[in-house]
Amino acid sequence: MRIELATEAGSAARANEDFVLAAPGAFVVLDGVTPGPRDPGCTHGVVWYVRSLGVRLLAAATGVPDRPLADCLADAVAGTAAAHGGGCDLSAPGTPQATVAVGRLVGGRFEYLVLADCTVVLETGGGPVAVTDDRVERAARGLRLAAAALPEGSAERAAARERYAAAVEGLRNRPGGFWTAAADPAVAGEALTGSVPASGLRAVAAMSDGASRFVDLLGLGDWSDVMPLLASHGPAELLSRVRRAEAGDPERRRWRRGKVSDDATVVHAVPGASPGSRHRGALA
């Protein structure tokens, strides 16, 4: 399987909280959750967390190929929680956490896992199918839309954004809300998982929400446009088009969004191609 990667920080002023890693026949994408104003209870930070979790997750996914991906994620979360040591309060709501996408080619099938708003796109003869966990989008959606409708920079919008953020925090990793990988390995049971025959799979893409906004926020195309773009120009071109659109709307008037630009990561994998990987961006 040939794998091509690209990742970029949303702002040069801070570290990239996305993380992507690949091995022959497998990849992981993690999008760190930017902490809110409350004390996260942890001295390590989100960048440390996504890299620690990602390395463990890829090792688990490739080390025992017949182990379910949800179990691999549970093991990685538990191992990362232990690596915090005794100085961190992992019960704090703002403890470092991440959204997750995993792909693995094993036994003639391609297996995938998605937790929260990462996306995996499967391209078969019938066209592309996107797999994403939309519980994040559904959480407090009314409050988010109400905040986005208010004038940029206004006190009313700032207050509405605070109400939305508080509502989201109350729904994170709670029944009826949505789920992210933090410190509790049981969250792996909430992930979306599946598999398809590798023989019918032309290509796979996986991305964080900073890249999937090409389709679901910016409307620059649909998934049937994304997959040929990745095949012909690679993930870096998709990110470049996202960045150009964002730069053309710095006041967020055309596209209402929380961040002008977000950390963005894309993986493009071709199961039947010669093994190897190419990458651009800040990879650990």
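Coordinates for the structure precede this section.
Thresholds applied
- Residues numbered from 1 in each chain as written.
- Predicted model: local features only at pLDDT ≥ 70, side-chain atom pairs only at ≥ 80, totals over all residues.
- Heavy atoms only, no water.
- Core = buried A, V, L, I, M, F, W, Y, C linked by side-chain atoms within 4.5 Å.
- Buried < 20%, exposed > 50% of the residue type's maximum accessible area, 1.4 Å probe, protein only.
- Helix = DSSP H or I, 4+ residues; strand = E, 2+ residues; numbered from the N terminus.
- Contact = heavy atoms within 4.5 Å.
- 1 Å grid on protein atoms, 1.4 Å probe; cavity = no way out; pocket = protein on both sides within 12 Å on 5 of 7 lines; lining within 4 Å.
- Points joined across faces, edges and corners; volume = space filled by probe spheres on them.
- Nonpolar A, V, L, I, M, F, W, Y, C, P; charged D, E, K, R; others polar.
- Disulfide = S-S within 2.5 Å.
- Salt bridge = Lys/Arg side-chain N within 4 Å of Asp/Glu carboxyl O.
- Axes fitted to C-alpha atoms, helices over the stretch in contact; angles between N-to-C directions.
- Parallel < 35°, antiparallel > 145°, perpendicular 65-115°, else oblique.
- Left-handed = near helix turned anticlockwise from the far one by under 90°.

Enquirer: Talk me through the nonpolar core; I want residue IDs and the actual numbers.
Expert: Grouped burial of nonpolar side chains is what soluble globular proteins tend to show. If you look at the biggest cluster of nonpolar residues, it comprises 29 residues, and the most contacted ones within it are Leu-30, Leu-57, Leu-73, Val-100 and Leu-115. Within the residue set of this core, elements represented by two or more residues are β2 (18–23), β3 (26–32), α1 (46–63), α2 (69–83), β4 (98–106) and β5 (109–115). Looking at this core, the element that brings in the most residues is α1, giving 8 residues. Once residues lying within four places of it in the same chain are set aside, the contact partners of Leu-115 are Leu-73, Thr-99, Val-100, Asp-133, Trp-179, Thr-180, Ala-181, Val-187, Glu-190 and Ala-191.

Enquirer: A description of unusual backbone geometry should follow, citing residues and the corresponding values.
Expert: Unlike most non-glycine residues, Ala-116 shows phi in positive territory, near 70 degrees. Mapped onto the elements, Ala-116 comes out in the loop between β5 and β6 (119–124). For Ala-116, a relative accessible area of 0% corresponds to the buried category. One non-glycine residue, Asn-173, adopts positive backbone phi at about 55 degrees.

Enquirer: Quick one: what's the story with the layout of surface pockets, residue by residue and with numbers?
Expert: It is the rolling of a water-molecule-sized probe over the atoms that shows where space remains empty. Here the second largest pocket is characterised by a volume of approximately 320 Å³. Considering the residues around the second largest pocket, the lining is formed by 18 residues, among which Arg-172, Asn-173, Arg-174, Ala-182 and Asp-184 are closest to the centre. Residues of the lining of the second largest pocket, tallied by class, amount to 8 nonpolar, 5 polar and 5 charged.

Enquirer: Explain helix α6 (residues 209–216) to me, and be specific about the residues and the numbers.
Expert: Counting buried positions along α6 gives 6 out of 8 residues, so the element sits mostly inside the fold. All buried positions along α6 are accounted for by Gly-210, Ala-211, Ser-212, Arg-213, Phe-214 and Val-215. Buried-residue contacts for α6 involve β6, β9 (201–207), α7 (223–233), α8 (235–247) and β10 (264–270).

Enquirer: Requested: an account of the state of the cysteines, with residues and values cited.
Expert: The final tally for this structure, using the stated rule, is 0 disulfides. Free cysteine: Cys-88, not disulfide-bonded; nearest cysteine sulfur from Cys-42 at 3.7 Å. The class for Cys-88 is buried, based on a relative accessible area of 12%.

Enquirer: Run through the side chain of Thr-99, naming residues and quoting values.
Expert: With respect to the secondary-structure elements, Thr-99 resides in strand β4. Excluding anything up to four places from it in sequence, Thr-99 contacts Val-29, Leu-30, Asp-31, Leu-115, Ala-116, Asp-117, Cys-118 and Thr-180.

Enquirer: I'd love a proper account of the pattern of salt bridges, names of residues and values included.
Expert: Using the criterion set out here, one finds 11 salt bridges in the structure. For the salt bridge of Arg-243 with Glu-8, the shortest nitrogen-to-oxygen distance reads 3.4 Å. Here the residue Arg-243 occupies a position in helix α8, and Glu-8 occupies one in strand β1 (residues 2–8), the gap between them amounting to 235 residues. For Arg-243, a relative accessible area of 18% corresponds to the buried category. The closest approach of N and O atoms between Asp-133 and Arg-135, which form a salt bridge, is 2.8 Å. If you follow the salt bridges from partner to partner, you end up with Glu-8, Arg-213, Arg-243 and Glu-246 in one network.

Enquirer: Please set out the packing of α1 against α2 residue by residue, giving values where relevant.
Expert: Two numbers describe how α1 lies on α2: the axes approach to 8 Å, and their chain directions differ by 140 degrees. If you check the angle between α1 and α2, you find them oblique. Of the two possible hands of crossing, α1 and α2 adopt the one that is right-handed. Counted together, Trp-48, Tyr-49, Ser-52, Leu-53, Arg-56, Leu-57, Ala-60 and Ala-61 of α1 and Leu-69, Cys-72, Leu-73, Ala-76, Val-77, Gly-79, Thr-80 and Ala-83 of α2 form the full contact between these two elements. Within the contact of α1 with α2, the residues separate by chemical class into 12 nonpolar, 3 polar and 1 charged.

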